[in-house]
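Per-entry structural report
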Amino acid sequence: MDFKKNILCIGAGYVGGPTMAVIAAKCPQYKVTVVDIDEKKIHQWRSENLPIYEPGLDDIVKIARNRNLFFSTEIDESIREADIIFVSVNTPTKTFGQGAGMAADLQYWEKTARQILANSDKGKIIVEKSTIPVRTARAMERILNGDQRKISFEVVSNPEFLSEGTAVKDLEDPDRVLIGSRETEKGIKARKEIVEIYASWVPREKIIESNVWSSELSKLTANAFLAQRVSSINSISALCEKTEADIDEVAYAVGTDSRIGNKFLKASVGFGGSCFKKDILNLVYICQNYGLYEVADYWESVVKINEWQESRFVRNILASMFNTVAGKKIAVFGFAFKANTGDTRESPAIYVTRGLLEERALVVITDPKALENAKKDLKDIKEGLGFEEDPYKAAEGSHAIAVLTEWDLYKDLDYERIFQSMVRPAFIFDGRNILDHKRLFDIGFNVFAIGKSPLKHF
Ligand code: NAD
Ligand code: UGA
């Protein structure tokens, strides 16, 4: 079959894989190829066991795979064939040199730009899909267009706003799609080509066009605002615990104001995920570079409150359990950074588990999707750690349960049975406020939730 254009995506991760699967499913007129340096991952994308878990992803991949969706390790050849290249490689926080711990590490990004240049004999549209610092398009243009052969590349920004766990739904029915370009004739022409792809299924009024810098900065800002809401409600949760106010009641009362809105007001043990912390620290670093220290400090406080919330959770466990957890078994319910994903990157569970192990607790982790990743995250731990698929077995003989991921399955467990199998006094620390606390208290548990007065039998 003749395709209208060849689309290539470099990077077959959490963003590249689902995004391209949806584009391919919705646009049979385009040939979509996804490449990665990770051969195992590409092999998995071609198999029945996809490398990531996302509700609905298997079905979408099945619609398009081997029709107009292909996964490959032939990066150079795929670049040569492509008209439009989405770059969706990882952009983690830099761990070395200047900006270590804050700035974005753009080494994968730059390598990709050079590889595109080396394998191109015609101009192409390069789409920034990864989240990158504002003004990265300029660096990209310089690398791509600094070549003697005078091939011309247009760099377009199209940040991704999907959330893990709802990636397919977010891609099929996005709040908006943002596409930024240079405001030149060629820039606008390239932008329209990307608009045309999304317009196959996204209503035109939801496709926002802007200049390239606004697009790049909007992505960092959106993540910073979302994380700020979580830190705001979490900061108030600490005050609730001192004053007998209830954080869920406060969040409801505040969120019903239509100017504020009710989303992202769920108090928790802290936000995790691969992006919030990384993107805010990146924003902080950029502000510092421009001498905007007050702005940098403002946003950095969002991350600091989050770290404090995680450490507060561990301190509360310790204080409630008579200031010692040494030798006590604690069952961790949920290790993923949120429900409906197996992803554990920056999960608060990593911090909490390590904190409990430092206090010499015996920690058993259970999670329906994230146990493999949990094992990798904690592979350096030699003692005091176990993994168990069955939450009932994880809780057996334990002194406490800590709920760290809001999986639905934890709401419906037989807590009477669990209580009978635990050491007394039995404790539950609900780091997601998903359980029926009054009922648990009536069963006999001592219940500690985020932003609520403890329910104690002593
Ligand atoms: P990821 O680590 O899951 O995937 C990135 C992939 O790029 C990896 O498979 C890696 O092997 C591959 N890669 C790296 N260098 C390469 C190269 N030179 N050639 C080919 N492949 C290469 O990361 P992700 O979660 O998909 O995130 C990608 C980008 O999207 C990041 O900038 C992130 O901030 C952003 N983002 C992520 C999410 C999310 O929910 N995970 C949402 C929106 C935006
Ligand atoms: C987030 C954004 O929501 C996406 O729009 C963005 O594309 C993505 O980051 C990214 O750039 O990577 P994601 O990290 O997948 O998506 O998940 P969220 O639903 O935003 O949750 C992030 C963290 O905040 C989770 O740990 C979650 O449990 C926590 N959270 C969220 C709360 O504690 N309370 C809330 O009310 C909402």
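Scroll up to find the structure.
Throughout what follows, the structure given in this document is the object of discussion.

Rules behind the numbers
- Residues numbered from 1 in each chain as written.
- Chains lettered and ligands numbered in written order.
- Predicted model: local features only at pLDDT ≥ 70, side-chain atom pairs only at ≥ 80, totals over all residues.
- Heavy atoms only, no water.
- Salt bridge = Lys/Arg side-chain N within 4 Å of Asp/Glu carboxyl O.
- Helix = DSSP H or I, 4+ residues; strand = E, 2+ residues; numbered from the N terminus.
- Core = buried A, V, L, I, M, F, W, Y, C linked by side-chain atoms within 4.5 Å.
- Buried < 20%, exposed > 50% of the residue type's maximum accessible area, 1.4 Å probe, protein only.
- Contact = heavy atoms within 4.5 Å.
- Phe/Tyr/Trp six-rings, centres within 6.5 Å; stacked < 30°, edge-to-face > 60°.
- Lys NZ or Arg CZ within 6 Å of the ring centre and 35° of its normal.
- Near = heavy atom within 4 Å.
- Polar contact = N/O pair within 3.5 Å; in protein donor to acceptor, adjacent residues only side chain to side chain.
- Areas by Shrake-Rupley, 256 points an atom, 1.4 Å probe, with all protein chains shown as cover.
- Nonpolar A, V, L, I, M, F, W, Y, C, P; charged D, E, K, R; others polar.
- Arc of directions from axis to C-beta.
- Axes fitted to C-alpha atoms, helices over the stretch in contact; angles between N-to-C directions.
- Left-handed = near helix turned anticlockwise from the far one by under 90°.
- Pairing = 2+ DSSP bridges.

**Here we look at the pattern of salt bridges**
Taken as a whole and assessed by the stated rule, the structure comprises 30 salt bridges. Residue Asp 248 is joined to Lys 266 by a salt bridge in which the shortest nitrogen-to-oxygen separation is 3.5 Å. With Asp 248 in helix H10 (residues 247-255) and Lys 266 in the loop between H10 and helix H11 (276-289), this residue pair connects regions lying 18 residues apart in the sequence. Across the pair Lys 277 and Glu 346 runs a salt bridge whose closest N-O atoms are separated by 3.9 Å.

**Description of the nonpolar core**
With 44 residues, the main nonpolar core has Ile 85 and Ile 116 as its most contacted residues. When residues in this core are grouped by element, the largest group, eight residues, is from H11. With near-sequence residues (within four places) excluded, Ile 116 lies in contact with Ile 10, Ile 79, Ile 85, Val 87, Ile 126, Leu 144 and Phe 153. In this structure, Trp 45, Leu 50, Ala 167 and Trp 201 belong to the second largest nonpolar core, which totals 42 residues.

**A short note on the packing of aromatic side chains**
Under the defined criterion, the tally for this structure stands at 15 aromatic pairs. Plain terms: the ring middles of Phe 264 and Phe 276 are 6.4 Å apart, the flat faces sit at 55° to each other, and that makes the pair tilted. Note that Phe 264 is positioned in the loop between H10 and H11 and Phe 276 in helix H11, a separation of 12 residues in sequence. An aromatic cluster is present here, built from Phe 322, Phe 427, Phe 429, Phe 448 and Phe 458 joined pairwise through their rings. The ring of Phe 161 carries Arg 176 above its face, with NZ or CZ at 3.6 Å from the centroid. Residue placement shows Arg 312 over the ring face of Trp 308; its charged tip is 5.3 Å from the ring centre.

**Examining the site of ligand 1**
Lining the immediate surroundings of ligand 1 are 26 residues, of which Asp 36, Lys 41, Thr 91, Glu 164 and Lys 278 lie closest. Between ligand 1 and the protein, one listed contact pairs an oxygen atom with a backbone N or O atom of Val 15 at 2.9 Å. Its free accessible area being 830 Å², ligand 1 has 92% of it covered by the protein chains. Counted by class, the shell around ligand 1 contains nine nonpolar, nine polar and eight charged residues.

**Thoughts on helix H6 (residues 136-145)**
Turning to H6, its buried residues number three or more, namely Thr 136, Ala 137, Met 140, Glu 141, Ile 143 and Leu 144. Across the axial projection of H6, the buried residues extend over an arc of 165°, all falling on one side.

**A short note on the packing of helix H5 (residues 107-118) against H6**
H6 packs onto H5 with a crossing angle of 35° between their chain directions and a minimal axis gap of 9 Å. As for the relative orientation of H5 and H6, their crossing is right-handed in sense. Of the residues in H6, those in contact with Trp 109, Glu 110, Ala 113, Arg 114, Ile 116 and Leu 117 of H5 are Thr 136, Met 140, Ile 143 and Leu 144. Classifying every residue of the contact of H5 with H6 gives seven nonpolar, one polar and two charged.

**Considerations on the site of ligand 2**
Close to ligand 2 lie 20 residues, the nearest being Phe 161, Leu 162, Ser 268, Cys 275 and Arg 432. The contact in question runs from an oxygen atom of ligand 2 to an N or O atom on the backbone of Gly 272, over 2.9 Å. A distance of 2.7 Å separates an oxygen atom of ligand 2 from a polar atom in the backbone of Phe 337. Element by element, the count of residues in the shell around ligand 2 is highest for helix H9 (residues 212-243), at four residues. Each residue belonging to the shell around ligand 2 can be placed in one class, and the counts come to 10 nonpolar, four polar and six charged.

**Some thoughts on the sheet that holds strand S14 (residues 446-449)**
Across the sheet, six strands lie side by side as S11-S10-S9-S12-S13-S14; this open sheet has parallel pairing. The two strands at the open ends of the sheet, each matched to only one other strand, are strand S11 (385-387) and S14. The mean angle between the axes of side-by-side strands here comes to 20°, regardless of whether they run parallel or antiparallel. Bridging between strand S9 (residues 329-333) and strand S10 (residues 362-366) involves five bridges; their strand directions are parallel. Looking across to S10, one finds that Ile 330 is bridged to Val 363.

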